[in-house]
Each structure stands twice: as C-alpha cells, then as structure tokens.
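Examination of the molecular architecture
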Amino acid sequence: MDFNVKKLASDAGVFFTRAVQFTEEKLGQAEKTELDPHLDHLIARGDSTKNWTEKILRQTEVLLQPNPSARIEEFIYDKLDKKIPSRTTNAELLGQHMLDAAQEFGPETPYGRTLITVGEFQRKLGGAERELLQTSAAAFLNPLRNFLEGDWRTISKERRLLENRRLDLDICKARLKKAKQAEAKASAAPDFQETRPRNYVLSASASAVRAAHELRVAQTEFDRQAEVTRLLLEGIGSTHLNHLRCLQDFAEAQTVFYAQCHHHMQDLQRELHRCVNADGIPPPSAAGGSDPASSAFPSEPLTSEAACSSQLPVTGSRKAKVLYDYDAHDASELSLLADELISVYTVPGMDPDWLIGQRGNEKGKVPVTYLELLS
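Residues numbered from 1 in each chain as written. Predicted model: local features only at pLDDT ≥ 70, side-chain atom pairs only at ≥ 80, totals over all residues. Heavy atoms only, no water.

**A few points about the overall build of the protein chain**
Definition in use: Only runs of H or I of at least four residues qualify as helices and only runs of E of at least two qualify as strands under DSSP, and these elements are numbered from the N terminus. Partly exposed residues are those whose accessible area sits between 20% and 50% of the maximum for their type, while under 20% is buried and over 50% is exposed, using a 1.4 Å probe and protein chains only. Only heavy atoms matter for contacts: two residues are in contact if any of them lie within 4.5 Å across the pair. Note on areas: these come from Shrake-Rupley sampling with a 1.4 Å probe, and a residue is covered only by the protein chains present in the view.
Of the regular secondary structure elements, the protein chain holds nine helices and five strands. Along its sequence from the N terminus, the protein chain presents helices and strands in the succession α-α-α-α-α-α-α-α-α-β-β-β-β-β. In the protein chain, which comprises 375 residues, the share counted as buried stands at 31%. A sequence separation of at least 24 residues applies to 67% of the contacts in the protein chain between residues at least 6 apart. Just so you have it, the protein chain exposes about 24300 Å², and 56% of that area is on carbon and sulfur atoms.

This is the structure:
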C-alpha cells in the first residue's frame, strides 16, 4: 500500500512538472524541442488520413443506410459484438405491399396484374440492394473501421508517449541550464567566504552532473520513442494502398448493383409493355413519351452533322453492337447475345423503343436500349 501511495505521488509530480513545462511553452517562456521535419510530415499525413477516413466512413454509412435510427442500432450491435439482425429493405417492403394490394384488388384485374409485376421487380431491386449493403460492409466499411479502431489507436498512444518524452527532455534541458548557471555563480563567489562557497560549489557541480546524466537518459528515451512513432506512421502508406483496394471493391459493388437495377428495370419495362398490349391500353410512348432510360442521361447539343448521323434512317439499315443478352419473349422478337454485331432498321409506324434486327436469315424485333448503334 505504501508503495502505491509513493508511486501515485511520483506520477502526480511528473504530471505537474509536464503541465508546467507545457504551459510555459505555450506562453513562450520555455524552449521547445522541435521534431524532425520528416516526422512532422508523417504526423500531418497521419492526421489527414484519420480525419478523411472518418468523414468518408460516416458519409458512406449515410449513403448506404439513410435511416439514422437504423445506423444507431447497427452501431450498438457492433459494439456489443452481436450479429446485426436481417432488415427488410425499403424496396422489398414496397414490393410486398404491392403484392398484398394485388390480392386485395384481384390478381386477374389489369391493375392487380400490374401490381404483381411491379411488386416482384421491386423485391428484386431490394435483394440487389441487400447484396450491395453486405458487400460494401465487408469490403469497404469494415476495413476503414478497423484502421480507426485498431492501427490509429496504437499510433495515437505512441504519439502521446512521444509528447511526454519530449516534455521530459525539455524539462531536463531546463534543469541542466539552471544547474550550470548555479555552478557558474558559485564559482564566482568572493574569496572571503571560503567555507560556505566551497561547499556550495561542490553541491552546484554535483547538481550539474546529475542534470547532465538525466538529460542523456531523457534524450535516449525521446530518440527511441521518436523512432517507434516514425515506423508506425510510415505504415500509413500501406494503409493507403489497402484503402485503395477497398475503394475499388466498393466501386465494383456499386457497378454490379446499378447494373442489376438497370437490367431489372429493362425487364420490367418489357413486362409492362406486354401487359399494356394484352389489356389494350395505349402505352405512354404512344402519347409522345420518350425512352426513360435514354432520357435519364442529358447530352450536349449535337451539331447538324452529328445529329444526322445519330438518327436511324427510315428505310436503310445499319450495324449495331449488342450490349446485353436478351431472350425473345415471342416469335416476333429476336434473341440477342452480348457483344455480337447485327443489322438493324426501322419501319414507319413502329414503336420507337424497338427496331427490326437481322442476323443472317433470322429477323425479329429488338429493344433499342440493348443496342449501341454504330456509324
């Protein structure tokens, strides 16, 4: 118990001495040992990496989960080291509501059949979103969290220790400076005070020797801690490479997600066209509408020459590259394989969302959105 009290008193004394040194440095009343420029640069880069990683992580969480209550719930489960319960996505919930509504209104009615069709595709979109959330968490969010909660905490701990070693070093420098001043003052004492000045000189000299020894020890500990901190901070470069790969995985996950969404919506548009034709309801495009997929991407105004080349001739044909696989839904359509080249043309009065495609002796309708028209 006595040992603990002494240690507590010693630690309190060290803390107070460091606090005094820190305050005097801030007031310009004490000298401060500057760190190596390279170490200063590493520290600045480390702080920047930590700050931007926090911002990117926080905003990515908002992007993937806009509901703040759900984010708090996930945070609590993560801190308790428990598995996060599966949560229905908004698109899946919407799809289920549409399916339930179709049963209420009658699945054989035009409205009921359309509700079923759209509801099923909404559930598919929700499944794609769920897959994006899972992939993004494993490939992007978790590595960022691991850096902040693991590597950066270790770096911060060693940096605090380095700051303490620097304060101790500057305290020892100040003590040595005062001891040398006292030794010089004692050596210059008047000769008529022989006894007391001689003892004073010996005491001052011993204090200077002790202060010099403490300074050497403090310098050694400071240099060692500076090297440890430098090695840890240099590892930030590897962290950047790791985060770069994680960022690529996140972008790939988004690419897959949006490609799946595009594919599902294209299939939904075809199904809706079939439902409209079966029920005898005029399609939206017949009233002057345009292709929703192409209208979603604004383009720059074309020159007259470019505009002429971008329009399909009414009677002539041209080559087109198939962007995605397409399975014909009936005998009037032509199945397509991605990356193949076919000939396409249009006929008067034809739906602008479709063209006539020809591959050898095979001919049939093909959707425009699955093609890249070649000049």
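Continuing now.
**Focus: the sheet that holds strand 2 (residues 341-345)**
To be explicit about the condition: A pair of strands is considered paired only if DSSP assigns at least 2 bridges between the two. Between N-to-C directions, angles span 0 to 180 degrees; the directions come from axes that are lines fitted to C-alpha atoms, helices contributing only their stretch in contact.
One open sheet accounts for five strands, arranged 4-3-2-1-5; its pairing is antiparallel. Every other strand in the sheet has two partners, leaving strand 4 (362-367) and strand 5 (371-373) as the edge strands with one partner each. Between one strand and the next, the sheet's axes are offset by a mean angle of 40°, whatever the strand orientation. In the sheet, strand 1 (residues 318-322) pairs with strand 5 via three bridges, with the strands oriented antiparallel. Of the residues in strand 5, the one forming a bridge with lysine 321 is glutamate 372.

**Topic: the packing of aromatic side chains**
What counts, and what does not: Aromatic pairs are defined between Phe, Tyr and Trp rings, using the six-membered ring for Trp, whenever the two ring centres lie within 6.5 Å; interplanar angles under 30 degrees are classed as stacked, those over 60 as edge-to-face, and all others as tilted. When the NZ atom of lysine or the CZ atom of arginine is within 6 Å of a ring's centre and also within 35 degrees of its normal, the charge is said to sit over that ring.
Applying the stated criterion across every chain yields a total of seven aromatic pairs. Geometrically, the ring pair formed by tyrosine 324 and tyrosine 370 is edge-to-face, given 5.6 Å between the ring centres and 85° between the ring planes. Note that tyrosine 324 is positioned in the loop between strand 1 and strand 2 and tyrosine 370 in the loop between strand 4 and strand 5, a separation of 46 residues in sequence. Since its relative accessible area comes to 2%, tyrosine 370 is described here as buried. Above the ring of tryptophan 52, the side-chain terminus of lysine 55 is found at 4.4 Å from the ring centroid. The ring of phenylalanine 121 carries lysine 124 above its face, with NZ or CZ at 4.5 Å from the centroid.

**Observations concerning the side chain of glutamine 122**
Residue placement: glutamine 122 occurs in helix 5 (residues 110-187). You can call glutamine 122 buried: its relative accessible area is 15%. Setting aside chain neighbours within four positions, we find glutamine 122 in contact with Ala91, Glu92, Leu94, Gly95 and Met98.

**Quick look at the pairing of strand 3 (residues 354-359)**
Here is the key point about a regular strand: its side chains alternate between the two faces of the sheet. Judged from the three bridges that link them, strand 2 and strand 3 form a sheet pairing that is antiparallel. Along strand 3, the bridge assignment pairs valine 344 with glycine 357. Sheet topology note: the strand 3/strand 4 ladder contains six bridges and is antiparallel. What sits directly across from leucine 355, in strand 4, is valine 366. Hairpin connection, strand 3 to strand 4: the antiparallel pair is bridged by two residues, and glycine 360 has positive phi, about 65°.

**Notes on the side chain of histidine 243**
Summarising the element assignment, histidine 243 is placed in helix 7 (residues 236-279). Note on histidine 243: relative accessible area 12%, which makes it buried. With near-sequence residues (within four places) excluded, histidine 243 lies in contact with Thr53, Pro143, Leu144 and Phe147.

**Regarding the confidence of the model for the protein chain**
Spelled out, the test is: A residue's pLDDT is the predictor's confidence in that residue, given on a scale from 0 to 100.
In the predicted model, the protein chain carries a mean pLDDT of 82, and the fraction of residues at 70 or more is 79%. Across the protein chain, the element-wise mean pLDDT spans from 38 in helix 9 (residues 304-310) up to 95 in helix 2 (residues 37-64). Low confidence marks residues 285-289, where pLDDT is under 50. Its contacts with residues over four positions away, or in another chain, come to four contacts. Below pLDDT 50 for its whole length, residues 299-315 participates in 12 contacts with residues either more than four positions away or in separate chains.

**Digging into the nonpolar core**
Under the convention used in this document: Nonpolar core, defined: a set of buried Ala, Val, Leu, Ile, Met, Phe, Trp, Tyr and Cys residues in which side-chain atoms within 4.5 Å join the residues together.
Counting 35 residues, the largest nonpolar core has Leu35, Leu39, Phe140, Leu162 and Leu233 as its most contacted members. Elements that contribute at least two residues to this core include exactly helix 2, helix 5, helix 6 (195-234) and helix 7. Tallying contributions element by element places helix 5 first for this core, with 15 residues. Of all hydrophobic cores here, the second largest spans 15 residues; its members include Leu336, Ile342, Met350 and Trp354.

**Thoughts on the pattern of salt bridges**
Stated precisely, the cut-off is as follows: By salt bridge we mean one thing: a side-chain nitrogen of Lys or Arg within 4 Å of a carboxyl oxygen of Asp or Glu.
Summed over all chains, the structure comprises 15 salt bridges. With its nearest N and O atoms 2.5 Å apart, the salt bridge here joins glutamate 92 to arginine 130. A residue pair is termed long-range when its members are at least 10 positions apart, and glutamate 92 in helix 4 (residues 90-105) and arginine 130 in helix 5 qualify at 38 residues. When its relative accessible area of 21% is taken as the criterion, arginine 130 is described as partly exposed.

**Notes on the environment of tyrosine 370**
Heads up, the rule is: The definition of a polar contact used here is a pair of N or O atoms within 3.5 Å, where within protein one atom must be able to donate a hydrogen and the other to accept one, and adjacent residues in sequence count solely through side-chain atom pairs.
Sequence separation between tyrosine 370 and leucine 336 is 34 residues, and the spatial gap between their C-alpha atoms is 8.7 Å. Ignoring any residue separated from it by four or fewer positions in sequence, one finds tyrosine 370 in contact with His263, Gln266, Asp267, Arg270, Lys321, Val322, Leu323, Tyr324, Asp325, Tyr326 and Leu336. Side-chain polar atoms of tyrosine 370 contact the side chain of arginine 270, separated by 2.5 Å.

**Observations regarding helix 4**
We count it as follows: To estimate the expected span of a helix, subtract one from its residue number and multiply by 1.5 Å. Regarding the arc, it is the one traced by the directions from the helix axis to the C-beta atoms.
The end-to-end C-alpha distance of helix 4 is 22 Å, a good match for the 22 Å that 16 residues give at a rise of 1.5 Å each. Where helix 4 is concerned, the buried positions are Ala91, Glu92, Gly95, Met98, Leu99 and Ala102. Taken down its axis, helix 4 places every buried residue within 120° of arc, on the same side. Structural note: helix 4 exposes Asn90 and Glu104 on the side pointing more than 90 degrees away from its buried face. Downstream of helix 4 by one or two residues, glycine 106 has phi in the positive range, about 110°.

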